[in-house]
Amino acid sequence: MKTKKNGTMCGVGRLGMLLLAPWFAAATAAAQLTDLTQTPNAAGAGIAKSLEQEIGPGRGDVLTPGSSRFLIARDPFRSIRRGRQLFQRKFTAAQGVGPRTGDGVGDIEGDASCGAGLADSCASCHGRPRGAAGFGGDVFTRPDSRDAPHLFGLGLQEMLADEITKDLRTTRTKAIVLAHGQGISVTLPLRSKGIGYGFITALPDGSVLTGGVEGVDPDLRVRPFFAQGATISIREFIVGACNAEMGLEAPDPDLLAASEGEIVTTPAGMVLNGKSDRIEAPPVKTPGADPDGDGVANEIDTAVVDHLEFYLLNYFKPAIGRQSDAAREGRRVFEDIGCAACHVPDLLVRRDRRVADVETTFDPLNGIFNRLFATATGRFTNVDDGSGFPTRKGPSLRPFLVRNILADFKRHDLGPNFHERNFDGSVTTHFLTEPLWGVASTAPYGHDGRSTNLEEVILRHGGEALSARNTFAAMHAVQQTQLMAFLGTLVLFPPDDTASNLDPGDPATIGFPQFGHGSVKLTALFNNPSDIE
């Protein structure tokens, strides 16, 4: 590992591989896993640690060995790996699974989670491709259902949305200051990362007019999660989903404090500002409470939420599949007909909170199982705090250009074909632009899964996208095929079955590709295999 004077890792050598190795290590390749204390088996398939062992001493602090704060600060890739196993873990009734909201009985018009679940793991809804934090679930939280999206690149989406929010609110503050100082109303355009969000007008008395705001709420907060743009942070998403989909209640102190008006920075570095934003409260306030009456309290320990949040913050971006002349021409067609007006290809994160990045591309020579090869690069600093413990490895916070995300973090009205009925009889008309990375792997399409292939979901567009839709429909079949070829390069991948610079794999290994560290799995050797979770 090359280390700059400031400790920033700028390459991945042997030391880097040892540090990064736990990120990719897994006891087995599967979407869902039990642990070996529950289901011992001759194949050794499952998580080596029990839930209690994974929780360890709980949240603790950076001086409490084994705690979530300690691991995130000093052994971040072990925390990511632990988060992955918790994501895949099949929780049990004894651990608090169920009941659903109201046991599935209640006012579904007021609380759509009555129609959610019941799952026993995060991977129940987000498990495709195999072993990935992918897609695959469908829930009855709307009359026409909702499909569960993939979670690749989730941390980058959270960071982009947060930075856009800050930019828009900075413009609002500037307008207020100018209006007050000049004694006249001031109108300024709302722009961030090259994307326009309308305009805002400030009056001399300090009030603002938000009628010109486009694509975001009047408070200028970009909410990147859920199709309608409802949730700010990964942490809220985790705690809410555990409760709604699995009946697992997390007495999360960070969400509780922020929901009551405090400013909280989570161990993953996300600032939850309860003074300026509406933060979702956890379903239970204290670890000893049992509001669902199943006899289990503290069903999701805070350490579990910490590891899950850090895992999803750092989760892989989607891959770029095989390129061709048709695909390259298809990208040009995509931009020429106006698709890129909403599906903006590349966006810059100014302050990247991740500790590593993985770039996965088509490589028929080194991609020995699925012709994809992943290259991991560290993005953290080493700081010796004099505690005698391992150095603290925080994110380097360098800028990062997010390529091929194809999103604008705005809500749009795509016409009645995308409008969604709600249980109370109302209709949702505006939805966030879906990032298109990974789109080739995630049929069926639409927030409701009603479009069976990419051509059908394009033709389903209307409203603000009607012009681009009609241009596509009128194009020569060759151009349509080229555009489809471009979209076909935006793929997801199964991490355990993708060769990488951490484990290039060897087809000559006995049992390839199912067994052994010589396979293509994104793993690396441990001196103590029993430590693999």
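Residues numbered from 1 in each chain as written. Predicted model: local features only at pLDDT ≥ 70, side-chain atom pairs only at ≥ 80, totals over all residues. Heavy atoms only, no water.

## Here we look at the overall build of the chain
Counting its regular elements, the chain contains 12 helices and 22 strands. Taking all 533 residues of the chain together, 53% fall into the buried category. Long-range pairs, those at least 24 residues apart, make up 67% of the contacts in the chain between residues at least 6 apart in sequence. As displayed, the chain has an accessible area near 21,700 Å², and 55% of this comes from carbon and sulfur atoms. (Helix = DSSP H or I, 4+ residues; strand = E, 2+ residues; numbered from the N terminus. Buried < 20%, exposed > 50% of the residue type's maximum accessible area, 1.4 Å probe, protein only. Contact = heavy atoms within 4.5 Å. Areas by Shrake-Rupley, 256 points an atom, 1.4 Å probe, with all protein chains shown as cover.)

## Brief notes about a negative patch on the surface
A surface patch of negative charge is lined by Asp107, Glu109, Asp111 and Asp424. Looking at where Asp107 falls in the secondary structure, it is placed in the loop between helix H4 (76-88) and strand E1 (126-128). Look at Asp107 and you get exposed, because its relative accessible area is 52%. (Patch = residues over 30% accessible without salt bridge, like charges linked within 9 Å, V, L, I, M, F, W, Y side chains within 5 Å. Salt bridge = Lys/Arg side-chain N within 4 Å of Asp/Glu carboxyl O. Lys, Arg positive; Asp, Glu negative; His and termini not counted. Charge placed at Lys NZ, Arg CZ, Asp CG, Glu CD.)

## Some points on empty space enclosed by the protein
Counted by the stated rule, this structure contains two cavities of 30 Å³ or more. Estimates place the volume of the second largest cavity at around 40 Å³. Lining the second largest cavity are Gly215, Val216, Asp217, Arg221, Val222, Arg223, Gly229, Phe409, Arg411 and Leu432. Partitioning the lining of the second largest cavity into residue classes produces four nonpolar, two polar and four charged. (1 Å grid on protein atoms, 1.4 Å probe; cavity = no way out; pocket = protein on both sides within 12 Å on 5 of 7 lines; lining within 4 Å. Points joined across faces, edges and corners; volume = space filled by probe spheres on them. Nonpolar A, V, L, I, M, F, W, Y, C, P; charged D, E, K, R; others polar.)

## Some thoughts on the pattern of salt bridges
A full pass over the atoms with the stated rule returns 37 salt bridges. Two residues, Arg78 and Asp75, come together in a salt bridge whose shortest N-O distance is 2.8 Å. Put simply, Lys90 and Asp120 hold a salt bridge, and the shortest N to O gap is 2.8 Å. Pair noted here: Lys90 is in the loop between H4 and E1 and Asp120 is in the loop between H4 and E1, with a separation of 30 residues, a long-range link. Here Lys90 falls in the partly exposed class, since its relative accessible area comes to 26%. If you follow the salt bridges from partner to partner, you end up with Arg59, Arg235, Asp252, Asp254, Asp306 and Glu309 in one network.

## Quick notes on the packing of aromatic side chains
Two measures describe an aromatic ring pair: the distance that separates the ring centres and the angle between the ring planes. Following the criterion strictly, the structure yields 11 aromatic pairs and no others. Here the aromatic rings of Phe152 and Tyr315 are separated by 5.0 Å at their centres, their planes lie at 75 degrees, and the arrangement is edge-to-face. Taken together, the positions of Phe152 in the loop between strand E4 (146-147) and helix H5 (154-182) and Tyr315 in the loop between helix H8 (302-313) and strand E10 (319-320) put the pair 163 residues apart, joining distant regions of the chain. A network of ring pairs unites the aromatic residues Phe87, Phe152, Tyr311, Tyr315, Phe316 and Phe493 as a single cluster. The side chain of Lys410 reaches across the aromatic face of Tyr197, ending 5.6 Å from its centre. In this structure, Arg460 packs its charged tip against the face of Phe418, placed 4.3 Å from the ring centre. (Phe/Tyr/Trp six-rings, centres within 6.5 Å; stacked < 30°, edge-to-face > 60°. Lys NZ or Arg CZ within 6 Å of the ring centre and 35° of its normal.)

## Description of the environment of Phe493
Along the polypeptide, Phe493 turns up in the loop between strand E21 (490-491) and strand E22 (499-500). Classification of Phe493 by relative accessible area gives buried; the value is 0%. Residues Phe493 and Ala319, 174 residues apart in the sequence, show an inter-C-alpha distance of 6.7 Å. Other than its neighbours up to four places away in sequence, Phe493 contacts Pro129, Ala132, Phe152, Phe316, Lys317, Pro318, Ala319, Thr360, Leu372 and Thr498.

## Thoughts on unusual backbone geometry
The omega angle of the peptide bond from Arg128 to Pro129 is 0 degrees, so this bond is cis rather than trans. Tracing the backbone through its elements, the reader meets Pro129 in the loop between E1 and strand E2 (135-136). With an omega dihedral of 0 degrees, the bond running from Ala443 to Pro444 counts as a cis peptide bond. Relative to the assigned elements, Pro444 resides in the loop between strand E20 (430-432) and helix H10 (454-459). Of note in the backbone geometry, Phe409 takes a positive phi value of approximately 60 degrees without being a glycine. Examined against the element boundaries, Phe409 turns out to sit in the loop between strand E16 (400-402) and strand E17 (411-413).

## Examining the confidence of the model for the chain
This prediction gives the chain a mean pLDDT of 89; 89% of its residues lie at or above 70. Segment residues 1-18: pLDDT under 50, and 33 contacts once partners within four positions in sequence are set aside and those in other chains are kept. Contacts from residues 25-29, a stretch scored under 50 in pLDDT, to residues over four places away or in other chains number 22 contacts. (pLDDT = per-residue confidence, 0-100.)

## With respect to the pairing of strand E6 (residues 195-202)
Summarising burial for E6: six of the eight residues are buried, a large majority. Judged from the six bridges that link them, strand E5 (residues 186-192) and E6 form a sheet pairing that is antiparallel. Directly across from Ser192, in E6, lies its bridge partner Ile195. In textbook terms, the turn of a hairpin is the stretch between consecutive antiparallel strands, and for E5 and E6 this stretch comprises two residues, one of which, Lys193, has a positive phi near 55 degrees. Where E6 meets strand E7 (residues 208-209), two bridges bridge the pair, whose relative direction is antiparallel. Looking at E7, one finds that Ala202 is bridged to Val208. Connecting E6 to the antiparallel partner E7 that follows it, the hairpin turn spans five residues, and Gly206 within it adopts a positive phi of roughly 95 degrees. (Pairing = 2+ DSSP bridges.)

## With respect to the packing of helix H6 (residues 234-246) against H8
Helix packing for two helices is described by the angle between their axes and how far apart those axes are. Packing of H6 against H8 leaves a shortest axis separation of 9 Å and a crossing angle of 125 degrees. Comparing the axis directions of H6 and H8 gives the class oblique. Seen along the crossing, H6 lies across H8 with a hand that is right-handed. Where H6 approaches H8, its residues Ile234, Arg235, Ile238 and Val239 are matched on the opposing element by Thr302, Val305, Asp306, Leu308, Glu309, Leu312 and Leu313. (Axes fitted to C-alpha atoms, helices over the stretch in contact; angles between N-to-C directions. Parallel < 35°, antiparallel > 145°, perpendicular 65-115°, else oblique. Left-handed = near helix turned anticlockwise from the far one by under 90°.)

## What about the side chain of Gln95?
Mapped onto the elements of the fold, Gln95 is located in the loop between H4 and E1. The contacts of Gln95, once residues within four sequence positions are left out, are Gln38, Leu51, Arg89, Lys90, Leu248, Val296 and Glu299.

## A few points about the sheet that holds E7
As summarised here, the arrangement of the three strands in space is E5-E6-E7, forming an open sheet in which the pairing is antiparallel. The strands lining the two open edges of the sheet, one partner per strand, are E5 and E7. The strands touched by H5 within the sheet are E5, E6 and E7, with E5 carrying the most contacts at an inclination of about 165 degrees.

## Regarding the nonpolar core
By size, the foremost hydrophobic cluster in this structure holds 83 residues, and its most contacted members are Phe87, Leu312 and Phe409. The leading source of residues in this core is H8, at eight residues. In contact with Leu312, not counting residues within four places along its chain, are Phe87, Ala133, Leu151, Leu154, Gly155, Ile234 and Ile238. Within the second largest apolar cluster, 20 residues are counted, among which are Val333, Ile458, Phe472 and Leu487. (Core = buried A, V, L, I, M, F, W, Y, C linked by side-chain atoms within 4.5 Å.)

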